[in-house]
Amino acid sequence: MAADSMEIDDALYSRQRYVLGDTAMQKMAQSHVFLSGIGGLGVEIAKNIILAGVKALTVHDTKQCTKWDLGINFFIHEDDITSQRNRAEATLHHIAELNPYVHVAASTVPLDETTDLSFLKQYQCVILTEVNLLLQKKINDFCHAQQPPIKFISADVYGICSRLFCDFGDEFEVLDTTGEEPKEIFISNITQSNPGIVTCLENHPHRLETGQFLTFREVNGMLCLNGSTHQITDMEPYLHGGIAVQVKTPKMLYFERLEKQLTNPLCLVADFSKPEAPLQTHVAMLALNHFQENFGRGPNIGCLQDAEEMLKIAMSISETLENKPQVDENVVKWLSRTAQGFLAPLAAAVGGVASQEVLKAVTGKFSPLQQWLYIDMLDIVTPLEKMGSEEFLPRGDRYDALRVCIGDGLCQKLHDLNVFLVGCGAIGCEMLKNFALLGVGTGQDKGLVTITDPDLIEKSNLNRQFLFRPYHIQKPKSYTAAEATLNINPHLKIDSYINKVCPATENTYSDEFYTKQDVIVTALDNVEARRYIDSRCVANLRPLIDSGTMGTKGHTEVIVPHLTESYNSHRDPPEEEIPFCTLKSFPATIEHTIQWARDKFESLFSHKPSLFNKFWQTYPSAEEVLQRIQSGESLEGCFHVIKTLSRRPRSWTQCVELARVKFEKYFSHKALQLLHSFPLDTRLKDGSLFWQSPKRPPFPVKFEVSDPLHYGFIVSAAKLFATVYCVPVTEKDLSEETILKNISAVKVPEFRPSNKVVQTDETARKPDHIAVSSEDERNAIFQLEKSILSNEALENDLKMKPISFEKDDDSNGHIDFITAASNLRAKMYNIEPADRFKTKRIAGKIIPAIATATAAVSGLVALELIKVVGGFSAAAYKNCFLNLAIPIMVFTKTAEVRRTEIRNGISFTIWDRWTIYGKEDFTLLDFINAVREKYGIEPTMVVQGVKMLYVPVMPGHIKRLKLTMQKLVKPSADKKYVDLTVSFAPEIDGEEDLPGPPVRYYFVQEDN
C-alpha cells in the first residue's frame, strides 16, 4: 500500500500525530528496523519505537536471562530465568503486545565479525546496543556504504556513563528541522525599495531568523507578491499590509562514519557549565572499550588496579584524538568502578533520545543528533567517594546492577522510601517502571509507593502509557498501573487511589499524610495542580520532583527543602487571551474562528441547557413562574429560559429547522449587520480604513444545500439539538432524503438591520449580563402564557440534557459541529480553513505527546530521586530542559532559595515556618505578643488564607485583639492548628508592610 494512502488510527495515535504529522507517521509505518541487544537500554528503545508505530521491528539477542536482568529489563520475569530463556524470546510477547500494528520478530543467531551482513539490507535503520566497538565499526561501514545508506545508531550504558552515536549517511535530507508550526505574520507595510522592507503590525514581533523563507498572501496593491516565496536577508524591525507565512524548506545534513568520528567526535553539549565533559567521557568510554578488547573482560567492580590500567589507556587514547582532550581521572575511575553495573533510569533517559533518533532516521522529520551524545551521572557517585568497595559488590539479588553503581546503602534507602506519585498517565507509567527497577518501596519494614489518578484509561492513552493494554480501556488508571507495576517487581508495596489532589481532598491528603512521605513526584498535565501540590510540599517541608512534556519538549525540576526555590517561586507569563471583540466580530486567524465555534458549542449545548434546568429546579412549575412575573417579581434568567422554552424543537424536523435558522444568523445575517454598522469604505478618525489588516471584512455565506460544509453544519447541529432537547431520532430521520426535504421546507427569516452597538475595543471584556428591556419582559409573559395554554410547559418540557464536550469520541459529533461552524465563519471572513484534525487539537486544547519524550523525562526524574534519597548537597541537583526534535538537552543547577530580610537581622526563606503554641483562651493580642517575644518582631497584620483576621486600619479590627483565636479562626473539631500569614510595619512610614514567613498556630500545646 502506498504510504500516502494509509489510514492512521486516530483513536490510538491522535496525540502523536500532532507531534509528527501524517506524512512522517505514514513513512514510519512503512519502515523496518533492526535492534541488537535487548538488555536494559535495548528494551527501552524497543518499547518506544513500537509504541510510535514502525511497521516491523526485529529484536536480536544471544544472551540468556539472568537474575541481573530483573533489575534492568522490565519485561523479564523470574520464570524466564528458571527456564533459561533467551532475552529476545522472553521479551518478544510483551513488546509485541504494546502495538498491534507493529510486526515484531526475535532473532537469536550470533552476530559477530564473521557474520554476513547482507541480511541488514532489508532494514531502513539498524540500532546496536551491547555490541563491541570493533563490530560496531564493521556494521557501521556496511550500513554507510549502502545506497541509500542504512541509518545507523549505536547506544550504550556502562555504569554511570552513557553514549549515543548516529550516522545517517553522507547526505541526509531533513524535511522539517523543528516541527514547529509555520509562523504567520500580519503585514502593515512593504516598501518599494530594493530589497523591499516588510514591516509587521505593532506589538506583533515576527520571531523569524535570517535565511528563512516567506511566502505572501492577501497583499493588496502588490499583487505579484501573493504566492511568491522570498528569503529573509535583512532583519529590520517591522512597521505596516497582507500576511507573510513562513515556508519550511528541507535541509541537507552530512554525517561521518564511526571510524572517523572516534578520533574527531562532534558532540552535543548537555551541560554548559562543563563544556569539556562530552570529550572527556568519550575518551573514558573508548578506554573502557580498549580495556575490554585487551583483557576479554570489563574492569572488576571497585578494583583500583583495573582503574589505573584504564587511566593509562585513556591517556594514550587522548593523544590519538585530533583535539587531544584532557583526561578526567575522576570520570575514568568511576567508569571503571561501575562499568559492570547499570543505572536503569539513565537507560530510560538515553533510550528516549535514541528512540527519537530512530524515528528521525525513518521519517526525515526533525534534526538528527550530530553525532554523539554523552550523559554521565558523576553527580550521583561523587558523594559516595568514601564508601568501601564492598558496598558496591553484588549480593545475588535483582538489584545487583544498581548496587554496583550507587552502593548498598543507597539501595536500602530506596527500598525504605515512602513516595507519593501524583498522576498515572504517560510520565506516571514510566515512573512506576523506574520505581520497580530501583526497588522503591520494597523494604521489609518500611517503604511504600502511593499513587493517585482520577482518570479512566482511553484508547488514545495506549500510544504512550505503556503499562496499559486494550483490555484495560475504561478501567481506572491508578489501579491498573499498580497491578502492572507488580508484574515488573512483585516486592513493591503500592497503595492506589482515584482522587484528585486538591483542596477538596485534604482530608485524605492531609498534612499528616504529606509528613509521612519522603518525596513527592508529580506527573501532571496542568499548572494549577502543580502549584497546589508545590504549596503543600512547601508547607510540609517535603521534597518535590516535577516534570512535564509537550510533544518532543520536556522539563524536570527538583525542589528540595531549604536548598532550592519552589515551583511557585517562578511564574510563566499568562496565556494571551483572544479579545472579546475579536472573537465576536473581528476574527483574523483560524484560531479565532475555532475558539468562536467552541464557545458556541458550550453556549448552545451545555451552558444554556444547564441554566434552563437550574431555573426549573428552583421554580418547579411554569404556572408559578407566570404568576410571579405577572405580579412584578424579577426572576433571574427568566427571560432567556422562557425564550428557550417557547422555541423548543419537539421533532427532528424542528431540529433541522433550528439548525438552518442558526446557519443564516451566524454566517449571513452577522456579516450583513457588521457591514451595515461599518460599510467597506468606513474610515477611522486618522483617515485610515476601518477594514484593514488584521480586521477582515465579512461577506455573507449563501446557503447551498449541495455544499458538504453547509450540509455538514446542518446535520451536526440538528443532531446536537435533538440530544439536548431530548428529541428521538430514527434512521429514516437521518437519511439524506429526509434531511434535504426538511431543509427545503424551512422559511428563513429575512435580515433586518439593528442599531446595536458593535464592540471594537480590544480591552473590553464579555459582559456578564445582557440587560432585558421592559418589552422583552412583556414578551416573556406572552410567550409563557402561550406555552402553558398549548400544553408545552409540562414537566418533561422543563428539562434539557446538557452535553459535556468530549473531543476523543468521534461518534458524538462534537468536533464535527465545531469544525463545520469554524470553517463557515472562516469562509465568511476569507480565512484559510482548518481540517478536522487541526480543529480537534485547538478546540480540545490537546497537548501533543510522544513516548520518547516521556521516557527520557521520567528517567531524568528517577536519577534526581536517587540524589534526593541520598540527601545530597545543592550542587548535585540538576534541572533539565530538552527538545528531542532539535535536539537539545540542557542541564542547569537548581535555583538557590532566596532569603528575605525583614529587619534587625531577622530573615526567612519560603521553607521557614514560625510556630506559636496557644491554649483555649489565647486571644489575638496574645498571639501577636507571642510572635514578638519568640521572634523579636511584632506583626501588624494577620491573615488566614484570603480572610483578613487583623488589619488595624480596617473598621472594628482593633476590637478583635480581645477575641480568642478559636473564635476568630473557627477551626473544625479535628483541626489542631492553622497556618497564618503575618506582616510587619515598614521601617519608613508610607512604604509597604514587610512580609513574613507563614506562622503555624497550634490551638493547644502539643505533647512532646
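Residues numbered from 1 in each chain as written. Predicted model: local features only at pLDDT ≥ 70, side-chain atom pairs only at ≥ 80, totals over all residues. Heavy atoms only, no water.

Chemist: Looking at this model, I keep getting lost on the nonpolar core. Mind explaining?
Modeler: Side chains of a nonpolar character, in soluble globular proteins, are inclined to be buried together. One finds Ile139, Leu343, Ile406 and Phe435 to be the most contacted residues of the largest nonpolar core, which totals 172 residues. The dominant element in this core, judged by the number of residues it contributes, is helix H28 (residues 851-870), at 12 residues. With residues near it in sequence (within four places) discarded, Ile406 still touches Leu343, Ile380, Leu384, Phe392, Cys411, Leu414 and Ile866. By size, the runner-up hydrophobic cluster in this structure holds 74 residues, among which are Leu626, Ile629, Ala659 and Phe678. (Core = buried A, V, L, I, M, F, W, Y, C linked by side-chain atoms within 4.5 Å. Buried < 20%, exposed > 50% of the residue type's maximum accessible area, 1.4 Å probe, protein only. Helix = DSSP H or I, 4+ residues; strand = E, 2+ residues; numbered from the N terminus. Contact = heavy atoms within 4.5 Å.)

Chemist: Honestly, helix H20 (residues 622-630) in this entry has me stumped. Any pointers?
Modeler: Each turn of an α-helix holds 3.6 residues, which means side chains three or four residues apart point in the same direction. Looking only at H20, the buried set comprises Ala622, Val625, Leu626 and Ile629. Summarising the axial view, the buried residues of H20 lie within an arc of 100 degrees, below the 170-degree limit, and thus occupy one face. Where H20 ends, the next residue or the one after it, Gly632, has phi of about 95 degrees, a positive value. (Arc of directions from axis to C-beta.)

Chemist: Even after reading the chapter, I still don't get the environment of Ile160, so can you show me in this structure?
Modeler: Relative to the elements of secondary structure, Ile160 occurs in the loop between strand S5 (151-158) and strand S6 (161-167). Looking at Ile160, the relative accessible area reads 1%, which means it is buried. Setting aside chain neighbours within four positions, we find Ile160 in contact with Trp334, Thr338, Leu343, Leu346, Ile375, Asp376, Met377, Leu378 and Val381.

Chemist: I would appreciate a short explanation of helix H10 (residues 329-338) in the present structure.
Modeler: Of all 10 residues in H10, 7 are buried; the element is thus mostly enclosed. Val331, Val332, Trp334, Leu335, Ser336, Arg337 and Thr338 are the residues of H10 that are buried. For H10, the secondary structure elements touched by its buried residues are S5, S6, helix H8 (277-295), helix H9 (304-320), helix H12 (378-381) and helix H13 (400-415).

Chemist: Just to check I follow, could you spell out the environment of Asn48 for this structure?
Modeler: When you line up the elements, Asn48 lands in helix H3 (residues 40-52). Through-space distance from the C-alpha of Asn48 to that of Leu98 is 9.4 Å; in sequence the pair is 50 residues apart. In contact with Asn48, other than residues within four places in its own chain, are Gly351, Gly352, Ser355, Glu430, Ala851, Thr852 and Ala855.

Chemist: Teacher, can you tell me more about the pairing of strand S17 (residues 448-452) here?
Modeler: Here is the key point about a regular strand: its side chains alternate between the two faces of the sheet. The buried fraction of S17 amounts to 4 of the 5 residues, a majority that puts the element mostly inside the structure. One ladder, built from 5 bridges, connects strand S16 (residues 418-422) with S17; its direction is parallel. Residue pairing in the sheet places Asn418 in a bridge with Leu448 of S17. Bridge count between S17 and strand S18 (residues 494-497): 4 bridges; the pairing is parallel. Bridge pairing in S18 links Ile451 to Ser496. In the classification by handedness, the crossover that spans S17, the intervening helix H15 (residues 477-488) and the parallel S18 is right-handed. (Pairing = 2+ DSSP bridges. Right-handed = clockwise from strand over helix to strand, strands pointing away.)

Chemist: For this particular structure, what's the right way to read the pattern of salt bridges?
Modeler: Opposite charge on two side chains permits them to pair, given that their charged atoms come into close proximity. Per the counting criterion, the structure on display carries 49 salt bridges. A salt bridge links Asp810 to Arg836, with the shortest nitrogen-to-oxygen separation between them at 3.5 Å. With Asp810 in the loop between helix H25 (774-789) and helix H26 (814-828) and Arg836 in helix H27 (residues 836-843), this pair connects stretches of sequence that are 26 residues apart. In this structure Asp810 comes out as partly exposed when scored by relative accessible area, which is 38%. Measuring nitrogen to oxygen at the nearest pair gives 2.9 Å for the salt bridge that ties Arg836 to Asp816. Linking Arg836 in helix H27 with Asp816 in helix H26, this pair joins segments that are 20 residues apart in sequence. We classify Arg836 as partly exposed; its relative accessible area is 28%. One salt-bridge network, held together by shared partners, links Asp10, Arg15, Arg17, Asp22, Asp808 and Lys840. (Salt bridge = Lys/Arg side-chain N within 4 Å of Asp/Glu carboxyl O.)

Chemist: Looking at this structure, how should I read a positive patch on the surface?
Modeler: Taken together, the side chains of Lys584, Lys608, Arg647, Lys665, Lys756 and Lys766 make up a positively charged region of the molecular surface. One can find Arg647 in the loop between helix H21 (638-646) and helix H22 (652-677). The exposed category is assigned to Arg647, whose relative accessible area is 57%. (Patch = residues over 30% accessible without salt bridge, like charges linked within 9 Å, V, L, I, M, F, W, Y side chains within 5 Å. Areas by Shrake-Rupley, 256 points an atom, 1.4 Å probe, with all protein chains shown as cover. Lys, Arg positive; Asp, Glu negative; His and termini not counted. Charge placed at Lys NZ, Arg CZ, Asp CG, Glu CD.)

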